[in-house]
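Breakdown of the fold
What follows is each chain in one-letter form.
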Amino acid sequence: CSTPAHPPGEVTVSVYGDYGDDTLYAQATFEYVEATVVSSIVPSFGQTSGGSVVSVFGSGFSFDGTWCSFGEDTGLVGNVLSSSIVRCTSPAGSLGTVSVDVSINGAEYTDSGESFLYVDAAIVSGVTPERGSSDVSVISVSGSNFQTSDSVSCRFGSRTVFPGT
């Protein structure tokens, strides 16, 4: 059955006999909820090996269950932090861009237009200089496959510094 428009709330769904006769076959409850919306994601890229934790911002996320999709890879359980933030872990993927969407019922996903770029892993070949004072120093990290983004960071021991440009 296709649901007709209805404000949020529970309704009883009744199934009647062929062509609307009065024979009641079954009833169940269906809950209408506000539409789920995705407005942005951070970070917008991650390694092809997967495992990137992506914060999805929007509205209508449910503590009763929210699933994530990265392109055709659906049914990934999201970690709901609030009705406006869910964290999704990227699965392994191929180089390129996929859409990131969410679902509160595991069947219907948003069509957000938010893109996640699968990239090759960054390779660090060195830092210059290799030592510095305990005050603030600036170093250069050399290597390949670095991405340009405000969400790139450098970690010094247990301390993370943003941005890592």
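Above this text is the structure in question.
The structure reproduced in this document is the subject of the present report. Owing to the predicted nature of the structure, the values given are computational and were not obtained by experimental measurement.

This part takes up the state of the cysteines. Under the counting rule described, the total for this entry stands at one disulfide. One disulfide in the model links Cys68 with Cys88; its S-S distance is 2.0 Å. Judged by the sign of its S-S torsion, about -65 degrees, the cystine formed by Cys68 and Cys88 is left-handed. One end of the pair, Cys68, is in strand E6 (residues 67–70); the other, Cys88, is in strand E9 (residues 85–89), and 20 residues separate them in sequence. Note on Cys88: relative accessible area 1%, which makes it buried.

Attention now goes to the environment of Glu31. For Glu31, the position within the fold is in strand E2 (residues 24–32). For Glu31, a relative accessible area of 48% corresponds to the partly exposed category. Through-space distance from the C-alpha of Glu31 to that of Thr12 is 8.8 Å; in sequence the pair is 19 residues apart. In this view, Glu31 contacts Gly9 and Glu10; residues no more than four positions away in its chain are not counted.

Examined bridge by bridge, strand E8 (residues 79–82) and E9 share three bridges and lie antiparallel to one another. The residue of E9 that forms the bridge with Val80 is Val86. As consecutive antiparallel partners, E8 and E9 are separated by two residues.

The next point concerns the sheet that holds strand E11 (residues 115–119). A sheet is described by the order of its strands in space; here five strands give the open sequence E4-E11-E10-E6-E7, paired in mixed fashion. With one partner strand each, in any of the chains shown, strand E4 (45–47) and strand E7 (73–77) form the two edges of the open sheet. If you compare each strand with its neighbour and ignore which way they point, the axes differ by 30 degrees on average. In the sheet, strand E10 (residues 96–103) pairs with E11 via four bridges, with the strands oriented antiparallel. Following the sheet pairing, Ser99 is matched in E11 by Ser115.

Our next topic: a nonpolar patch on the surface. On the surface, Val124, Val127, Ile139, Val141, Phe146, Phe156 and Val161 cluster together into a nonpolar patch covering about 550 Å² of accessible area. Looking at the secondary structure, you find Val161 in strand E15 (residues 159–161). When its relative accessible area of 40% is taken as the criterion, Val161 is described as partly exposed.

This part covers the sheet that holds E9. On the basis of which strands lie adjacent, the open sheet formed by four strands has the order E3-E5-E9-E8 and antiparallel pairing. Where the open sheet ends on each side, the last strands, each with one partner, are strand E3 (37–42) and E8. This sheet shows a mean twist of 30 degrees between the axes of neighbouring strands, independent of strand direction.

The rules behind these values
- Think of each chain on its own: its residues are numbered from 1, step by step along the sequence as written.
- Given that the model is predicted, a residue must reach a pLDDT of at least 70 before its local features are reported, and side-chain atom pairs must reach 80 or more before they are shown or counted; all residues, however, enter totals for whole chains, interfaces and linings.
- Only heavy atoms go into the side-chain values, all of them from the structure, while hydrogens and water stay out.
- Cysteine sulfur atoms are paired as a disulfide whenever they come within 2.5 Å of each other.
- Each helix is a run of DSSP H or I of at least 4 residues and each strand a run of E of at least 2, with the numbering of both proceeding from the N terminus.
- Categorising residues by exposure relies on relative accessible area from a 1.4 Å probe, with only protein chains included: less than 20% of the type maximum marks a residue as buried, more than 50% marks it as exposed, and the intermediate range marks it as partly exposed.
- Whether two residues touch is decided by their heavy atoms; if any such pair falls within 4.5 Å, the residues are in contact.
- Whether two strands pair comes down to DSSP finding at least two bridges between them.
- Lines are fitted to the C-alpha atoms to define the axes, a helix being fitted only along its stretch in contact, and any angle between axes, read from their N-to-C directions, falls within 0 to 180 degrees.
- Exposure above 30% relative accessible area and the lack of any salt bridge qualify a residue for a patch; like charges then connect within 9 Å, and the nonpolar side chains Val, Leu, Ile, Met, Phe, Trp and Tyr within 5 Å.
- Note on areas: Shrake-Rupley with a 1.4 Å probe; residue coverage comes only from the protein chains shown.
- Here, a salt bridge means any side-chain nitrogen of Lys or Arg that lies within 4 Å of a carboxyl oxygen of Asp or Glu.

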